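Breakdown of the fold
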Amino acid sequence: MASLFARSAVRVGRNVMPVMSKRAFSASAGRFEVIKKYTKDHEWVSYDTDSKIATIGITTYAASALGDVVYVELETPGTALTEGSSLGVVESVKSASDIYSPVSGEIVEANDALTDKPGLVNADAEGEAWMVKVATEGSELEALMDAEGYEGFKKEGAH
Amino acid sequence: MSLRTAASRQSRLLLNSASRQSNNGLLRGSLNAMRTKTTLTALSSSRSNNAITTSPASANAIRSFSTTPRLGQALRRTPLYNLHLEKGAKMVPYAGWSMPVLYDGQSMTEAHNFVREKAGLFDVSHMRQHVFEGPGAVEFLETITPTDVTSIPAHESKLSAFLLPMTGGIVDDCIITRLTPDLFYIVTNAGRDAEDTAYLAEQLKTLNIPQCRHHIYPNRGLLALQGPHAAAILAEAMTKLDTLQHHTSQETSESALKNLKFGQSLFLQKDRSIWGFESSIIISRGGYTGEDGFEISLPGELTEQYANTILETGTPDRVRLIGLGPRDSLRLEAGMCLYGEDLDDTKTPVDASLNFIIPKNRRQSTGYHGHQVINAQLAKSAPFKKRVGIVVEGPAPARKGTQILGPGDDVIGVVTSGIPSPTLGKNIAMGYLDSEFVDLGKNGTDVGLSVRGKRREGKIVKMPFVPHKYYKGE
């Protein structure tokens, strides 16, 4: 499974090469292992196939739909996650939303900056407001949507 | 699976979470101590074409009418539906209606604060508008509610509740406005329409009080203009609206509003030669935000014109359309209940800490539904719950369903509504203490809140959380 996935990851990487090329040259010495996928529940997962670390957050679309985020509570490093288990909660004026992990693995880092500055989720949902980093084999990633698929999914959802 | 609304755990994403929000009555809060307004309008009971009428004889006919859609039935639209779309509203299904939750370019917090600082215009046309009329109307209303209907002066309103016989459970909360000695205008919740309709038909039939007729006006509009600038904007808008100008011809619209205190209403008739509810405009001072403001009941066909005139008069600097989302946070800060969250038919007005809706002269009465239970609860000889306000310390809001904990982590109650308060910057909640623990329901008592398994500290506080700013005259 792992080798199969690695191949597909490389393939996905090539597909998005125009987008990834800047990073490739500046940071990862010509490797294209960082792939970004999206879930139907409006999360993003950025997976580095080299370090096997998945960085997870909610999408800009989700942050905008939630409105003003006033509180973020995240599980702590060391917490074991299975796909679908809660990795944290995002609270806005309107509602409390659990964030369920799209992957299985172990949390290696939680973004503590969000505790003091929950507003980062609205300001930079897919950048500074990443939520957790998870060490994972990433076997669940293949079933998720790529950027194009997610765009289409959002449009469908709008109707 | 992932982003889910934790409170309900049903809809997959927050994108729909607003549909849980809001709606509800006007003029909440302490509607007591209001002065008599003497401009009693003699209103004859001309039967209108569009009203749906219930009487003991036709009690069953009303059952076929309901706005609660069955599966596949289209959502109902208010007279302002097109205006909402024009203004970029995010529309959500609410109680069978397509309603605006937030408008383009607004955040919940900004829209909320705008109402507290300037003014907001709300479309609440989904709410149900009723008339009860005839010599038997007082007796009927004094049987199904705990209100001293006899003593309501003409053109004044009271918060009230329809009660279940025997148990005194609240079927719905409502506002009763007396228009003439024998004619009452009542507004109920859209979300309770099916239940109210069945209940009222049953009560009219069972009680069989002669000469009490019930009409529902499904085509009327209802606007709420709320906030510190509401009075100035409405006075100015009224001078531009022919109908209103004509009917306050005795006084300027400005002085008419100046004389209109919280809980009072102006009844305006388009054509004085044709008396009737159908064509009337009722401006009531009050609302569901705790701010000074008005609710304007009017014929459906006038609703868009009035809304536009108010918006143009106020300009976006002073008044904006506001959706159901901020309406919910505003009412919670004002300590007001939302039926379905904070009220249900297992709770009496005493459980709900709404004792003020039961005047002293009715507390011995055996004439109203549920008096057996309610009078005993008032005398503390029967168990009762207690609705309390809680300020939650720390950053995590306590939402609906959160357990309220005593000193030893024992469960003493449950939260029914909770939000991060945009006005206070603190997390606030209302909830019920179980009957064994009502003694803990004193202001300043420390309680715990079990938020996702962690105990968070909180304190019981007096409601409203944000002081009411009702207009009591100059």
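Thresholds applied
- Residues numbered from 1 in each chain as written.
- Chains lettered and ligands numbered in written order.
- Predicted model: local features only at pLDDT ≥ 70, side-chain atom pairs only at ≥ 80, totals over all residues.
- Heavy atoms only, no water.
- Helix = DSSP H or I, 4+ residues; strand = E, 2+ residues; numbered from the N terminus.
- Buried < 20%, exposed > 50% of the residue type's maximum accessible area, 1.4 Å probe, protein only.
- Contact = heavy atoms within 4.5 Å.
- Areas by Shrake-Rupley, 256 points an atom, 1.4 Å probe, with all protein chains shown as cover.
- Axes fitted to C-alpha atoms, helices over the stretch in contact; angles between N-to-C directions.
- Left-handed = near helix turned anticlockwise from the far one by under 90°.
- Nonpolar A, V, L, I, M, F, W, Y, C, P; charged D, E, K, R; others polar.
- UniProt positions renumbered as here; feature names shortened; annotations may be inferred.
- Polar contact = N/O pair within 3.5 Å; in protein donor to acceptor, adjacent residues only side chain to side chain.
- Core = buried A, V, L, I, M, F, W, Y, C linked by side-chain atoms within 4.5 Å.
- Domains from an automatic or database assignment.
- Pairing = 2+ DSSP bridges.
- Arc of directions from axis to C-beta.
- Salt bridge = Lys/Arg side-chain N within 4 Å of Asp/Glu carboxyl O.

Secondary structure assignment for chain B yields 10 helices and 21 strands. Classification of the 474 residues of chain B by burial places 61% in the buried group. In chain B, 70% of the contacts between residues at least 6 apart in sequence involve partners at least 24 apart. On chain B, roughly 17700 Å² of surface is accessible, and the fraction owed to carbon and sulfur atoms is 50%.

Further remarks concern the packing of helix H5 (residues 230-240) of chain B against helix H8 (residues 300-318) of chain B. All names here are of chain B. Contact geometry of H5 with H8 gives a least axis separation of 7 Å together with a crossing angle of 145°. Viewed along their axes, H5 and H8 form a crossing whose handedness is right-handed. Contacts between H5 and H8 pair Ala232, Ile233, Leu234, Glu236, Ala237 and Lys240 from the former with Thr309, Ile310, Thr313, Gly314 and Arg318 from the latter. Grouping the amino acids of the contact of H5 with H8 by side-chain chemistry returns five nonpolar, three polar and three charged.

All names here are of chain A. Under the feature "modified residue: N6-lipoyllysine" (unreviewed entry), the UniProt entry names Lys94. Tracing the sequence through the fold places lysine 94 in the loop between strand S6 (86-92) and strand S7 (96-100). Side-chain polar atoms of lysine 94 contact the backbone oxygen of alanine 65, separated by 3.2 Å.

Residues and elements named next belong to chain B. Proline 464 follows methionine 463 through a cis peptide bond whose omega is 0°. At alanine 95, a position not held by glycine, the phi torsion is positive, near 50°. As for its placement among the helices and strands, alanine 95 is situated in the loop between strand S3 (90-94) and strand S4 (97-102). You will see that aspartate 409, though not glycine, has its phi angle at about 65°, which is positive. Residue aspartate 409 is classed as partly exposed on the basis of its relative accessible area of 45%.

Here we take up the nonpolar core. Formed by 33 residues in total, the largest nonpolar core has its most connected members in Leu121(B), Leu225(B), Leu234(B) and Ile283(B). It is H5(B) that provides the largest number of residues to this core, a total of seven residues. The residue makeup of this core includes at least three contributed by each of domain 1 (3-118 + 320-333) and domain 2 (221-314) of chain B. The contacts of Leu121(B), once residues within four sequence positions are left out, are Leu223(B), Ala224(B), Leu225(B), Ala307(B), Ile310(B), Leu311(B), Val319(B), Arg320(B), Leu321(B) and Ile322(B). Ile35(A), Ala110(A), Met131(A) and Val134(A) belong to the second-largest nonpolar core, a separate cluster that totals 29 residues.

Note on sheets: strands pair through backbone hydrogen bonds, and any given pair is parallel or antiparallel. Residues and elements named next belong to chain B. Taken together, six strands build a closed barrel; the order of strands is S16-S19-S18-S17-S20-S21 and the barrel is antiparallel. The average angle at which neighbouring strand axes cross in this sheet is 45°, direction not considered. Bridge analysis of strand S17 (residues 403-405) against strand S20 (residues 446-451) gives three bridges, and the strand direction is antiparallel. Opposite glutamine 403, over in S20, you have serine 450 as the bridge partner. Packed onto the sheet, helix H9 (residues 324-333) meets strand S18 (411-420) and strand S19 (427-433) and runs at close to 130° relative to S18.

All names here are of chain B. Within the secondary structure layout, serine 365 lies in the loop between H9 and helix H10 (371-378). With relative accessibility at 17%, the residue serine 365 sits in the buried group. Excluding anything up to four places from it in sequence, serine 365 contacts His371 and Asn375.

Turning our eyes to something else, we now look at the UniProt feature "domain: Lipoyl-binding" (unreviewed entry) in chain A. UniProt records the feature "domain: Lipoyl-binding" (unreviewed entry) at residues 53-135 of chain A, using the numbering of this structure. As a span, residues 53-135 of chain A carries 18% helix and 43% strand, and end to end its C-alpha atoms are 5 Å apart.

Since one α-helical turn is 3.6 residues long, residues separated by three or four positions face the same way. Residues and elements named next belong to chain A. Those residues of helix H6 (residues 147-157) that sit buried are Tyr150, Phe153 and Lys154. End-on, the buried residues of H6 take up no more than an arc of 100°, which puts them together on one face. Among the exposed residues of H6, those oriented more than 90 degrees off its buried face are Glu148, Lys155 and Glu156. Of the surrounding elements, those touching the buried residues of H6 are strand S1 (34-38) and helix H3 (60-66).

Bringing the pairing of strand S14 (residues 293-299) of chain B into the picture now. Residue and element names in this part refer to chain B. With seven of seven residues buried, S14 is to be regarded as a mostly interior element. Judged from the seven bridges that link them, strand S11 (residues 220-226) and S14 form a sheet pairing that is antiparallel. Considered in S14, the bridge of arginine 220 is made with proline 299. Of the strand pairs in this sheet, strand S13 (residues 280-285) and S14 are connected by four bridges, and their pairing is antiparallel. From the neighbouring strand, serine 284 faces S14, where its bridge partner is glutamate 295.

Pairing is possible between side chains of opposite charge, provided their charged atoms come close. Residues and elements named next belong to chain A. Tallied over the entire structure, the rule returns 23 salt bridges over all chains. In this structure, glutamate 126 and lysine 36 form a salt bridge, with 2.8 Å as the shortest nitrogen-oxygen distance. Remark: lysine 36 occurs in strand S1 and glutamate 126 occurs in the loop between helix H5 (120-123) and strand S9 (132-135); sequence separation between them is 90 residues. You can call glutamate 126 partly exposed: its relative accessible area is 26%. Residue class for lysine 36 comes out partly exposed when judged on its relative accessible area of 31%.

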